[in-house]
Amino acid sequence: MMNTMTSKTTVAIAVPLEAELVERIRAVDPSVTVLYEPELLPPERFPADHSGDPDFRRTPEQEERYWDMLTKAQVLYGFPNESPAGLARIAGSNPHLEWIHAMAAGAGGVVKASGLDAGTLQKFKVTTSAGVHALPLAEFAALGILNGFKRSAELAHDQAARIWPELRTPTRLVNGSSLVITGLGEIGLETARIARALGMTVSGTKRTVEPIDGIEEVTDNDGLAGLLATADAVVNTLPGTPYTEKLFNRAVFAAMKPGTVFVNVGRGTVVAEEALLEALGNGQVSYACLDVFAVEPLPEDSPLWNHPKVMVSPHTSALSAAENRLIAERFCSNLRTFLDGGELPHLVDTVHFY
């Protein structure tokens, strides 16, 4: 990728985006042409609704204009129609394509589901919005830890039943407790920062084992069981890959000490849900706060829905009113790097798909 400031670069906006944020992209450099036709994009139902209204339909003429716009661009903001099929189609129809910026942090799943072969995937870059969601996810993880330590599920149950127990049950102190984070990337490190502010000691896992300031112990997944033996809470931030699938199985839950609080803000496929339910049943896990699930939407017959020790969040903990602005700012920074011929950050790994 050897773009220069003297060449012309065309960016096409493939997903819903506010006009003022489009103007920020235009302002990155005079050499940039931004193609943006909001009438061709589905309206957002809520902030950062990148897929837009599912009932939105383009006319045949609009559909032709949409794809014509995308095939003129070297750079796409978002996957076409926010779908694997859209990615596959543009990869096969746009010979100029050099780079797509994905809205999600975990865009590898879409790239994998597109079915594109390795040769095609070498022709253009895909960057993710990893890190943009770190703060809201870390705050949600802190909520999950506090919920578990402060018995919020039991309090809500007693309140609904108007029960004032004769024997008062103590809560647990977060300060002085131990947290293990699987995946010490941007989300994991932001979670660690908040946890340490609450007085927790933090250890965790990383594919490349190296010392990290403020982290007591860093290991790879092979050393996870050893970390869990003394952990009071565990937060998973790992993406869904073949290497992380059902990492949290019966053996891993059994390695936890009784009463562990478990939070998942990574991907649902990292957890064997049957094993989690068993751990909740036998007390290894005292409370689980889950934003992600093996199958989404979570099936109506899942026992997680009404489990008294589980909080179900519909994969929304990363959402914030600031998300579109933060992603656009990340894209503008990346676009400057792209124009200057630099190395783009947060590239999708087309081997492990994360």
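Reading guide: rules and limits
- Each chain carries its own residue numbering, running from 1 in the direction its sequence is written.
- In keeping with the model being predicted, local features are shown solely for residues with a pLDDT of at least 70 and side-chain atom pairs are shown and tallied solely at 80 or more, while totals for entire chains, interfaces and linings include all residues.
- Based on all heavy atoms of the structure, the side-chain values leave hydrogens and waters out of the count.
- Method remark: on a 1 Å grid restricted to protein atoms, a set of points is classed as a cavity if a 1.4 Å probe fits but cannot get out and as a pocket if it is open with protein on both sides within 12 Å along at least five of seven lines; lining residues have an atom within 4 Å of a point.
- Grid points are joined across faces, edges and corners, and a volume is the space filled by probe spheres set on the points.
- Starting at the N terminus, helices and strands are each numbered in turn, a helix being any DSSP run of H or I of at least four residues and a strand any DSSP run of E of at least two.
- Ten residues, namely Ala, Val, Leu, Ile, Met, Phe, Trp, Tyr, Cys and Pro, are considered nonpolar, four, namely Asp, Glu, Lys and Arg, are considered charged, and the remaining ones, Gly among them, are considered polar.
- What counts as a salt bridge is simple: a side-chain nitrogen of Lys or Arg found within 4 Å of a carboxyl oxygen of Asp or Glu.
- With a 1.4 Å probe rolled over the protein chains alone, any residue whose accessible area is under 20% of its type maximum counts as buried; one over 50% counts as exposed, and the rest are partly exposed.
- Two strands form a pair only when DSSP identifies at least two bridges running between them.
- Contact criterion: two residues are considered in contact whenever any of their non-hydrogen atoms come within 4.5 Å of each other.
- Orientation is described by axes fitted as lines to C-alpha atoms, over the contacting stretch for helices, and by angles from 0 to 180 degrees between their N-to-C directions.
- Only buried Ala, Val, Leu, Ile, Met, Phe, Trp, Tyr and Cys residues count toward a nonpolar core, and they belong to the same one when joined by side-chain atoms within 4.5 Å.
- For classification purposes, angles smaller than 35 degrees are called roughly parallel, those larger than 145 roughly antiparallel, those between 65 and 115 roughly perpendicular, and all remaining angles oblique.
- Should the near helix be turned anticlockwise from the far one by less than a right angle, the crossing is left-handed, and should it be turned clockwise, the crossing is right-handed.

Now for the layout of surface pockets. One way to see where empty space is left: roll a probe the size of a water molecule over the atoms. What the second largest pocket holds in volume is close to 290 Å³. If you go around the second largest pocket, you meet 13 residues; those closest to its centre are A153, E154, Y287, P308 and K309. Mapped onto the lining of the second largest pocket, the elements with two or more residues apiece are helix 6 (134–149), helix 7 (152–160) and strand 11 (285–290). With four residues, helix 7 is the single largest residue contributor to the lining of the second largest pocket. Considering only residue class, the lining of the second largest pocket consists of four nonpolar, five polar and four charged.

Further remarks concern the pattern of salt bridges. Oppositely charged side chains can form a pair if their charged atoms are brought close together. Enumeration over the complete set of coordinates arrives at 16 salt bridges. R250 is the salt-bridge partner of E278, the closest N and O atoms lying 2.7 Å from each other. Taken together, the positions of E278 in helix 11 (residues 273–282) and R250 in helix 10 (residues 250–255) put the pair 28 residues apart, joining distant regions of the chain. When its relative accessible area of 51% is taken as the criterion, R250 is described as exposed. Connected via shared salt-bridge partners are E37, E39, E61 and R65.

Now for the sheet that holds strand 6 (residues 178–182). The strand order 8-7-6-9-10-11-12 describes an open sheet built from seven strands, whose pairing is parallel. Both edges of this open sheet fall to strand 8 (218–219) and strand 12 (310–312), since each of them pairs with a single strand only. With two bridges joining them, strand 7 (residues 201–205) and strand 8 adopt parallel strand pairing. Note that in strand 8 the partner of T205 across the bridge is T219. Set on the sheet, helix 6 makes contact with strand 6, strand 9 (233–236), strand 10 (260–264), strand 11 and strand 12; between it and strand 10 the angle comes to about 155°.

Right, let's get into the sheet that holds strand 2 (residues 32–35). Strands in a sheet are paired, the pairing made by backbone hydrogen bonds, and the direction either parallel or antiparallel. Spatially, five strands are ordered 2-1-3-4-5 in an open sheet, and the strand pairing comes out parallel. Every other strand in the sheet has two partners, leaving strand 2 and strand 5 (125–127) as the edge strands with one partner each. Here the average twist between neighbouring strands, direction ignored, is 20°. Here helix 1 (residues 19–26) sits on the sheet and contacts strand 1 (9–13), strand 2 and strand 3 (75–77); the angle it forms with strand 2, its principal contact strand, is near 155°.

Let us now look at empty space enclosed by the protein. A complete count under the given rule lists one cavity of 30 Å³ or more for this structure. When its volume is computed, the largest cavity comes out at roughly 30 Å³. By residue class, the composition of the lining of the largest cavity is five nonpolar, two polar and one charged.

Within the largest apolar cluster, 48 residues are counted, with the highest numbers of intra-cluster contacts made by I13, I25, L70, Y77, F124 and L335. For this core, the elements supplying multiple residues, two or more each, are strand 1, helix 1, strand 2, helix 2 (60–71), strand 3, helix 3 (84–93), strand 4 (99–101) and helix 12 (323–339). The leading source of residues in this core is helix 12, at seven residues. Sequence-distant contacts of F124, defined by excluding residues within four places in its chain, comprise L87, A91, L97, E98, W99, I100 and L116. Of all hydrophobic cores here, the second largest spans 27 residues; its members include F262, A272, A275 and A279.

This next bit is on the packing of helix 1 against helix 12. At a minimum axis distance of 9 Å, the contact between helix 1 and helix 12 shows a crossing angle of 15°. Judged on the interaxial angle alone, helix 12 and helix 1 are roughly parallel. Between helix 1 and helix 12 lies a crossing of right-handed hand. Counted together, L21, R24 and I25 of helix 1 and N324, R325, A328, E329, F331, C332 and L335 of helix 12 form the full contact between these two elements.

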